[in-house]
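Per-entry structural report
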Amino acid sequence: MTSPADPPNGAGASGPGLKLLAVTACPTGIAHTYMAAEKLAQAAESLGHSMKVETQGSIGAENVLSDNDVSEADGIIIAADKDVDRSRFVGKRVLVVGVADGIHRPQRLIEQVLDASVYEGDGSGAGRGGASGAAASGGGGGSKGRSVTYKALMNGVSYMIPFVVVGGLLIAVSLALGGDTTSKGIVIPDDSFWKTVNDIGSIGFELMIPALSGYIAYAIADRPALVPGMVGGWIAAHGELYDSEAGAGFIGAIVTGFLAGYLVLWIKRVKVPKFVQPIMPIIVIPIVATSALGLFFIYVLGEPISWVFEQLTDWLGGLTGTSAAVLGIILGLMIAFDMGGPVNKTAFLFGAGLVSKNPEVMGACAAAIPVPPLGQGLATLLRRRMFDDQERETGLAALFMGFFGITEGAIPFAAARPARVIPANMVGGAVAGAIAGVASVEDNVPHGGPIVAVLGAVGGVPMFFVAVVVGTAVTALVTIGLMSVGGGAGDSGGAVGVAGAASDSGGVGGVGGAGATAGGAGATAGAAAGGGSGAASVAAEPVLAGVGGGGDRAAEACGAAGARKAVASQSGAGEADSGGQVLSGYLTEQTVKERLAADGKDAAIREMAELLAATGKVTDAEELVRAAFAREDQGTTGLGEEIAIPHAKTDAVTAPVVGFARSPEGIEWGAPDGTKARLVFMIAVPEADAGDEHLRILALLSRKLMAEEFRERLLGAGDVGAMLGVLGEIE
């Protein structure tokens, strides 16, 4: 008996014709999305099959698959590096791969989909070489995408950032405007308006850790994992639940987030009767996972954390007679390590307890406290191209929080790249603590940061500021150095994209961030736009570097019909219109060059920026270059097939403009297929004018450039006029 999911008898990869469907999507949602769609459609046609491809790009979901399409389909290929809703494909053979596979192995995917496992709903496998459930979104099948672990971490960071910024800034403002310096620290009177503002900010800060944990779990196992993750994060942050004076901080939240996510994935795999299945994701899984995780953390992990806190306190007590420099170094290292966690709290409480007897100890702590946020904020100013837009915005907030002694302002950076940021913070904190210790800086209140010196609570103010400034500079320089050695802005080699939700115009969060995705077009992390499953895949990475966006934009734009027609090709010799303009007038004779002189990527970007500047639409060529470099830092714009499309969103241009040039020898661009770029397009748009049109132009380019015959004619065109004539065929 044939299963409803099976293809017709005798059907194979080469006929008789099958009815196939595909969904393509990548975190950046432009070039690779459409390149994969074109390649899959071409491969299906060559094999005698029909295929409808839904693209989930930044301009919305196009060519959306209907219920009838799905019901009649013999197999479905999902070539995506972000989460795609699979609930509509229950009962069908579903093959899930990275978007790069859709570009480079389309025929093989069509062969494989016939043997793919049948998708049975939440938690079942979907033909990804053993990967299953939401975890399959992490890239496989040969994809070069980020791991599930990285994507989940960045998703948590991107959702945590607003809590850090809002909570931290409200606390800082309330302390500045309503705080009084007392022996207990900077205190706001209970009957003050600013006390209420401070309380609101404190709530934001308290929610920061649960948000980090919850959305890590959410990215791994979808909605059923959100509550266990958040509750686990709350427990991690509140040490009183397991007899510890300090909670486990953001490190504990990362642990609970991953524990919750994978625990839920495991529970999903448990076979249950059909009558129980409907209540599994909303009742059974959240209750079981939350209870198990909470009890495990309190009774198993909590005891060691409490023990570590006590041992550290006793150890510090034995150091009170040691040299001031050594004690300052130790306190600085501890303060900067986990930024609000048990190690940090141990050092702070140790210093606070000696304020009245030995204020020099608190002086070393006070100098180290602001160094992590100030250092990370300074790093975003010194090397802006290493950070995406939301990271730079978070950096400004971190500078503000650092001034007011809020160490937690550096947590988004540390959570995103712990292997680089935490060591940098610790080195800077140790330097600041050592300088303050040697100089016998005194702090007479249990608080830190420049604010305590401004309010007159510090003795030895000049050396206090020297300690803070030097420590901040060391942290910033070490951070930049480690990121440079690592090849970019993420622990996995690409941009972290701490900037929020993942879409091509998204910014954080991606904390999203982002890097080397399967298509090589950036990283990131944020909520999966257009997917509908709710599972988020981090990164936040702007397609056009320069501003944060919204991962929801792709979903909101669903139904955006097709692309505006570019200038149609002309009859006869195929020349462009009389004005020499194609691509809606964005690309003109002025912005086309027969041959690039550059032999490297950076030089080519500069040369292309100069080409665009000839139009008079570029007000600051250097800023345009910087924005393009920032986009490259988030992930190569070398698309493969000898194509590169560097792009930037910046107010250095007054109107959208597109340039094109050829490099006969080719330029190494880091393309996923290893080819050198011979066809180089550059797109620049002002931030205020970055609507859907330029995204459609890029989508049109990506589609047309997939045709080998078109690329050959573009390479063989004799002069600028002929090149414009070929480009005029893009519709």
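Fair warning: this is a prediction, and the values are worked out from it, not measured in the lab.

**Quick look at the overall build of the chain**
Helix and strand counts for the chain come out as 24 helices and 21 strands. In the chain, which comprises 731 residues, the proportion classed as buried is 60%. Only carbon and sulfur atoms are counted for the fraction: they give 58% of the accessible area of the chain, which is about 25500 Å².

**Here's the deal with the packing of helix H12 (residues 359-368) against helix H16 (residues 418-438)**
Each pair of packed helices gets described by two things: the angle between the helix axes and the distance between those axes. Packing of H12 against H16 leaves a shortest axis separation of 8 Å and a crossing angle of 145°. Considering how the two elements wind past one another, H12 and H16 form a crossing that is right-handed. Contact residues: Gly363, Ala364, Ala367 and Ala368 in H12; Gly429, Ala432, Gly433 and Ala436 in H16. The class makeup of the residues in the contact of H12 with H16 is five nonpolar, three polar and no charged.

**Overview of the confidence of the model for the chain**
Across the chain, pLDDT averages 75, with 76% of residues at or above 70. The low-confidence segment residues 123-146 (pLDDT under 50) makes 77 contacts with residues lying over four places distant or belonging to another chain. For residues 487-579, every residue scores under 50 in pLDDT, and the model assigns this stretch 417 contacts once sequence neighbours within four places are set aside.

**So, the pattern of salt bridges**
Two side chains bearing opposite charge may form a pair once their charged atoms approach each other closely. Going through the model one piece at a time under the given rule, you end up with 15 salt bridges. The salt bridge partner of Glu607 is Lys593, with a shortest N-O separation of 2.6 Å. One end of the pair, Glu607, is in helix H20 (residues 601-613); the other, Lys593, is in strand E16 (residues 592-593), and 14 residues separate them in sequence. On the basis of relative accessible area, Glu607 is assigned to the buried category, the value being 10%. Within the structure, one salt-bridge network assembled from shared partners comprises Lys39, Glu641 and Arg711.

**Here's the deal with a nonpolar patch on the surface**
Residues Ile251, Val255, Leu259, Leu295, Phe296, Tyr299 and Val300 make up a contiguous nonpolar surface patch of about 620 Å² in total accessible area. Secondary structure elements with two or more residues in the nonpolar patch: helix H8 (249-268) and helix H9 (280-317). If one sorts the elements of the nonpolar patch by residue count, H9 sits on top with four residues. Looking at the secondary structure, you find Ile251 in helix H8.

**Notes on the pairing of strand E4 (residues 75-80)**
Of all six residues making up E4, six are buried, and the element is well covered by its neighbours. Judged by which residues are buried, E4 turns out to be covered on both faces: Gly75, Ile77 and Ala79 on one side and Ile76, Ile78 and Ala80 on the other are all buried. Across six bridges, strand E1 (residues 19-25) lies against E4 in parallel orientation. The residue bridging Thr24 from the neighbouring strand is Ala79, located in E4.

**Things to note about a negative patch on the surface**
A grouping of Asp243, Glu303, Glu310 and Asp314 is seen on the molecular surface, where their side chains present a negatively charged patch. In this fold, Glu303 is placed in helix H9. Note on Glu303: relative accessible area 52%, which makes it exposed.

**Some words on unusual backbone geometry**
Residues other than glycine predominantly adopt negative phi, and peptide bonds predominantly adopt the trans conformation. The phi dihedral of Ser440 falls on the positive side, at around 55°, and the residue is not glycine. Note on placement: Ser440 falls in the loop between H16 and strand E10 (442-443). Unusually for a residue other than glycine, Glu641 sits at a positive phi of about 55°. The buried category is assigned to Glu641, whose relative accessible area is 17%.

**Some words on the nonpolar core**
The nonpolar side chains of soluble globular proteins are, as a tendency, buried together. Within the largest apolar cluster, 67 residues are counted, with the highest numbers of intra-cluster contacts made by Leu212, Ile216, Phe250, Val452 and Phe464. Those residues in contact with Phe464 that sit more than four places away from it in its chain are Ala366, Ala367, Val441, Gly449, Pro450, Val452, Ala453 and Val458. Ranked by size, the runner-up nonpolar core spans 31 residues in total, among them Tyr586, Ile645, Leu679 and Leu724.

**Thoughts on the side chain of Asp443**
Mapped onto the secondary structure, Asp443 falls in strand E10. A relative accessible area of 0% means that Asp443 is categorised as buried. Ignoring anything within four residues of it in the chain, the contact list for Asp443 reads Val355, Pro359, Met362, Gly363, Ala366, Val452, Ala457 and Val458.

**Describing helix H18 (residues 461-485)**
Look at H18: 36 Å from first C-alpha to last across 25 residues, which is about the 36 Å you get at 1.5 Å a residue. Of the surrounding elements, those touching the buried residues of H18 are H12, helix H13 (371-382), H16, helix H17 (450-454) and strand E11 (458-459).

**Here we look at the packing of helix H6 (residues 193-221) against helix H7 (residues 226-237)**
Running from N to C, H6 and H7 cross one another at 145°; their axes reach a closest spacing of 7 Å. In this structure, the crossing between H6 and H7 has a hand that is right-handed. Within the contact between the two elements, H6 uses Glu206, Leu207, Ile209, Pro210, Ala211, Ser213, Gly214, Tyr215, Ala217 and Tyr218 and H7 uses Leu226, Gly229, Met230, Gly232, Gly233, Trp234 and Ala237. Of the residues assigned to the contact of H6 with H7, the class counts are eleven nonpolar, five polar and one charged.

The rules behind each value
Residues numbered from 1 in each chain as written. Predicted model: local features only at pLDDT ≥ 70, side-chain atom pairs only at ≥ 80, totals over all residues. Heavy atoms only, no water. Helix = DSSP H or I, 4+ residues; strand = E, 2+ residues; numbered from the N terminus. Buried < 20%, exposed > 50% of the residue type's maximum accessible area, 1.4 Å probe, protein only. Areas by Shrake-Rupley, 256 points an atom, 1.4 Å probe, with all protein chains shown as cover. Axes fitted to C-alpha atoms, helices over the stretch in contact; angles between N-to-C directions. Left-handed = near helix turned anticlockwise from the far one by under 90°. Contact = heavy atoms within 4.5 Å. Nonpolar A, V, L, I, M, F, W, Y, C, P; charged D, E, K, R; others polar. pLDDT = per-residue confidence, 0-100. Salt bridge = Lys/Arg side-chain N within 4 Å of Asp/Glu carboxyl O. Patch = residues over 30% accessible without salt bridge, like charges linked within 9 Å, V, L, I, M, F, W, Y side chains within 5 Å. Pairing = 2+ DSSP bridges. Lys, Arg positive; Asp, Glu negative; His and termini not counted. Charge placed at Lys NZ, Arg CZ, Asp CG, Glu CD. Core = buried A, V, L, I, M, F, W, Y, C linked by side-chain atoms within 4.5 Å. Expected span 1.5 Å × (residues − 1).

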